[in-house]
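Overview (structure and organization)
The primary structure of each chain is shown beneath.
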Amino acid sequence: MNTAYMKKLICILCLIGISFSLSAQDLGLSFSYFIPKNGYFSVPVTPFSIRGVGVDINRFFSIESGFTLYRISGMGVTELPFESRKPLIGPFFSLMVPLEGVITFNFQNQAIKLKGGGFAFYNFGTKINEGNLDRELMDYFQWEVLNSDFTVSNNLGYGYHTGIEYIIYFSKKFGISLEAYYMSGMSPLEMKGSYKGVSESGGIENGVADFDEAQLDFTGYELSVGVIFSP
């Protein structure tokens, strides 16, 4: 991650931390793991994951947020003229910030939370997986050999998520949580580039492509294990 990205990331994390310190009632520290659709298993950048920061509206309903900085190993792309089942983007870093409504059911020293809402994400150091893209384009054009040179833009992404959390409290101020989410989000990629190779007939071919509708597919399952502190 270069210096410019690091400065931008530190500023974002500081702003998030300040806002949480002013309004949070509960603070959660978690280890989250993301399994993207048509992508590679991804892990958080420790210790940049704070989740379950909440403001209680009443006994049963609250609003929670937080953030997780992921190192995404690979992620799929949609809205292409061909269907890709391999991750075409990655590796890169992604800062994901959720905002969700939470319904809580308490049972003595345990609780179940049903969650749903939206999330935003911004990526750092986005790269194209050139090997996977070359193979996908080669299959699409039915060529024998193909090499490509593509670029993508980096844009803020949005999505929705639903999930469930199970908490065991060991005291009034400490508990352990297990969470599972389904997440679905997109961000524009605006893929552009050129390719060249050898067709089935044996001739050398060249071409250009402009995939303006391409979207980074931030869809998958997030699993989290964390601890909860109450002041």
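These numbers were taken from a predicted model, which means no experiment stands behind them.

**Some remarks on the overall build of the protein chain**
Along the protein chain, the regular secondary structure elements total two helices and 12 strands. Counting helices and strands in the order they occur from the N terminus, the protein chain gives α-β-β-β-β-β-β-α-β-β-β-β-β-β. Counting the 231 residues in the protein chain, one finds 41% classified as buried. Long-range contacts, defined as pairs at least 24 residues apart, comprise 72% of the intrachain contacts of the protein chain with a sequence gap of at least 6. For the protein chain, the accessible surface area stands at approximately 12000 Å², while carbon and sulfur atoms represent 61% of it.

**What about the nonpolar core?**
Of all hydrophobic cores here, the largest spans 29 residues; its most connected members are V77, L80, F150, M191, F211 and F218. With three residues, strand β7 (residues 143-151) is the single largest residue contributor to this core. Apart from residues no more than four positions distant in its own chain, F211 is found in contact with L80, P81, F82, L137, F150, E190 and M191.

**Quick word on the sheet that holds β7**
The three strands are arranged β7-β10-β11 in an open sheet whose pairing can be described as antiparallel. Where the open sheet ends on each side, the last strands, each with one partner, are β7 and β11 (204-211). For this sheet, the mean inter-axis angle between neighbouring strands, taken without regard to orientation, is 20°. Strand direction decides the pairing type here: β7 and strand β10 (residues 191-199), joined by eight bridges, are antiparallel. In the strand pairing of β10, D149 is matched with S194. Its contacts with the sheet place helix α2 (residues 130-141) against β7, β10 and β11, and it is angled at close to 130° to β7.

**Comments concerning the side chain of S84**
Here S84 is to be found in the loop between β4 (77-78) and β5 (92-107). You can call S84 buried: its relative accessible area is 7%. A polar side-chain atom of S84 sits 3.0 Å from the main-chain carbonyl oxygen of K86. Within the structure, the side chain of S84 is placed 3.3 Å from the side chain of E136, a separation counted as a polar contact.

**Side note on the pairing of strand β9 (residues 174-188)**
Pairing between strand β8 (residues 157-171) and β9: 13 bridges, direction antiparallel. Bridging from a neighbouring strand, I168 pairs with I176 of β9. Taken together, β8 and the strand that follows it, β9, pair antiparallel across an intervening segment of two residues. Across 15 bridges, the pairing between β9 and strand β12 (residues 215-229) is antiparallel. In the sheet register, Y181 faces β12, and the bridge partner there is E222.

**Comments concerning the pattern of salt bridges**
The tally for this structure, following the rule as stated, stands at six salt bridges. Its salt-bridge partner being E83, residue R85 comes within 3.2 Å of it at the nearest N-O pair. For the pair R85 and E83, one class covers both residues: exposed. E179 is the salt-bridge partner of K115, the closest N and O atoms lying 2.9 Å from each other. Here the residue K115 occupies a position in strand β6 (residues 110-124), and E179 occupies one in strand β9, the gap between them amounting to 64 residues. Judged by relative accessible area, K115 falls into the buried class, the value being 6%. The network of salt bridges with common partners includes E64, E100, K113, K115, E165 and E179.

How each quantity is defined
Along each chain, numbering runs from 1 in the same order as the chain's sequence is written. Residue-level local features of this predicted model are given only where pLDDT is at least 70; pairs of side-chain atoms are given and counted only at 80 or more, and the full residue set underlies all totals for whole chains, interfaces and linings. Processing note: side-chain calculations cover all non-hydrogen atoms of the structure and skip hydrogens and water entirely. For helices the rule is a DSSP run of H or I covering at least 4 residues; for strands it is a run of E covering at least 2, with both sets numbered from the N terminus onward. Whether a residue is buried, partly exposed or exposed follows from its accessible area with a 1.4 Å probe, protein chains only, as a fraction of its type maximum: under 20%, in between, or over 50%, in that order. Two residues qualify as a contact provided that any one of their heavy atoms is within 4.5 Å of a heavy atom in the partner residue. Accessible surface area values rest on a Shrake-Rupley calculation with a 1.4 Å probe, where residue burial reflects the displayed protein chains alone. Here, nonpolar core means buried Ala, Val, Leu, Ile, Met, Phe, Trp, Tyr and Cys residues that are tied together by side-chain atoms lying within 4.5 Å of each other. Any two strands with at least two DSSP bridges between them are considered paired. To define axes, lines are fitted to C-alpha atoms, for helices over the stretch in contact only, and angles between the resulting N-to-C directions are given on a 0 to 180 degree scale. Nitrogen and oxygen atoms within 3.5 Å of one another constitute a polar contact, given that in protein one can donate a hydrogen and the other can accept it, and given that sequence-neighbouring residues count only through two side-chain atoms. When a carboxyl oxygen of Asp or Glu lies within 4 Å of a side-chain nitrogen of Lys or Arg, that pair is called a salt bridge.

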